[in-house]
Amino acid sequence: MGILSQFEHDVFISYAHFDNAGDERWVTRFGEDLKRALTQRLGEEPDVFFDEKALQGNEQLEELKTRAYNSAIFVPVVTPSYVKRNWTTEELNAFARNADDKRVFAIDALPLDSESHYPPALRELIRKPFWHRRSEGGVAVTVDRELDKNLYVQLIATQAENIRTKMVSMREVPTRSPVVEKPIATVLLAQVTPDLELEREQLRSHLEQFNIGVVPQGSYPGGGAEFAAAVKADCARASHFIQ
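Residues numbered from 1 in each chain as written. Predicted model: local features only at pLDDT ≥ 70, side-chain atom pairs only at ≥ 80, totals over all residues. Heavy atoms only, no water.

(A) A look at the nonpolar core. Judged by nonpolar contacts, the single largest core of 31 residues is most densely connected at Val11, Trp26, Phe30, Ile73, Val75, Val77 and Ile163. Mapped onto this core, the elements with two or more residues apiece are strand S1 (9-14), helix H1 (26-42), strand S3 (71-78) and helix H6 (149-171). Take this core: its biggest share by element is eight residues, from H6. Aside from chain neighbours lying at most four places away, what touches Ile73 is Asp10, Val11, Phe12, Phe95, Arg103, Phe105, Ile163, Lys166, Met167 and Met170. Counting 16 residues, the second-largest nonpolar core is a separate cluster that includes Phe49, Ala99, Leu112 and Leu122. (Core = buried A, V, L, I, M, F, W, Y, C linked by side-chain atoms within 4.5 Å. Buried < 20%, exposed > 50% of the residue type's maximum accessible area, 1.4 Å probe, protein only. Helix = DSSP H or I, 4+ residues; strand = E, 2+ residues; numbered from the N terminus. Contact = heavy atoms within 4.5 Å.)

Now the structure itself:
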């Protein structure tokens, strides 16, 4: 049992095992780094469930679904492999049966070609991009904890703080309906070249600390009509623009 006693696990990390292959074991390290950052911010160690065993049968899948259902926070590591695997979809659906989407903190380790390729439960969610392009017009790659150390550390810190805030609110017993504070302004933060991604992420965190909303909240679709529609919607929401 973890910090939130009404749940079996504080955090459930859901991922496709293909994305954790090789010596790098990116998802394992992501899970370790996220847990460490959460422990530092909470002042105590959360129960983070991370299953490294290869799925071998229905009995194991049922156990994973039960653990997901009984978790406070769900962190899906979204990639093309993730959305094509039945068991990751089963984990997501099991969690969704017992929770609202405000307890899902998804990351995009690699982008998908279209929003329509995401599972319905993830389509409308804010997903933290953990990928970038190392050169303008280059291919998308997952942020590397060594090659992109500063950006990686900033992304882990932001994800951990967002989860910490939610966990604290879930631990507190409300005496009245919570008041949702509206942002004092909303800023459209322009996309940048790869060499400015760290500064952009730091600026986003700084603005949000002062209750200033920032769009886009995730990453834009790759192009075409979906991209144009997403930008148009964010322009309508924003009161300021930063480039």
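Moving on from the coordinates now.
(B) Up close: unusual backbone geometry. For Arg25, which is not a glycine, the phi torsion comes out positive at approximately 45°. Along the chain, Arg25 falls in the loop between S1 and H1.

(C) Structural context of the environment of Asn20. Tracing the chain through its elements places Asn20 in the loop between S1 and H1. Each C-alpha atom, one on Asn20 and one on Glu52, is 8.9 Å from the other, the two residues being 32 residues apart in sequence. Not counting residues within four places of it along the chain, the set of residues in contact with Asn20 comprises Tyr15, Arg25, Trp26, Val27, Thr28, Phe50 and Glu52. Side chain to side chain, Asn20 and Thr28 meet in a polar contact 2.8 Å long. (Polar contact = N/O pair within 3.5 Å; in protein donor to acceptor, adjacent residues only side chain to side chain.)

(D) The sheet that holds strand S8 (residues 185-189), seen in detail. Taken in spatial order, the three strands make up an open sheet running S9-S8-S10, and their pairing is parallel. Looking at which strands have only one partner, the edges of the open sheet turn out to be strand S9 (212-215) and strand S10 (240-242). Strand-to-strand twist across the sheet, computed as the mean angle between neighbouring axes with direction ignored, equals 30°. Summarising the sheet, S8 and S10 pair through three bridges and their orientation is parallel. Bridge pairing links Leu188 to Phe241 in S10. (Pairing = 2+ DSSP bridges. Axes fitted to C-alpha atoms, helices over the stretch in contact; angles between N-to-C directions.)

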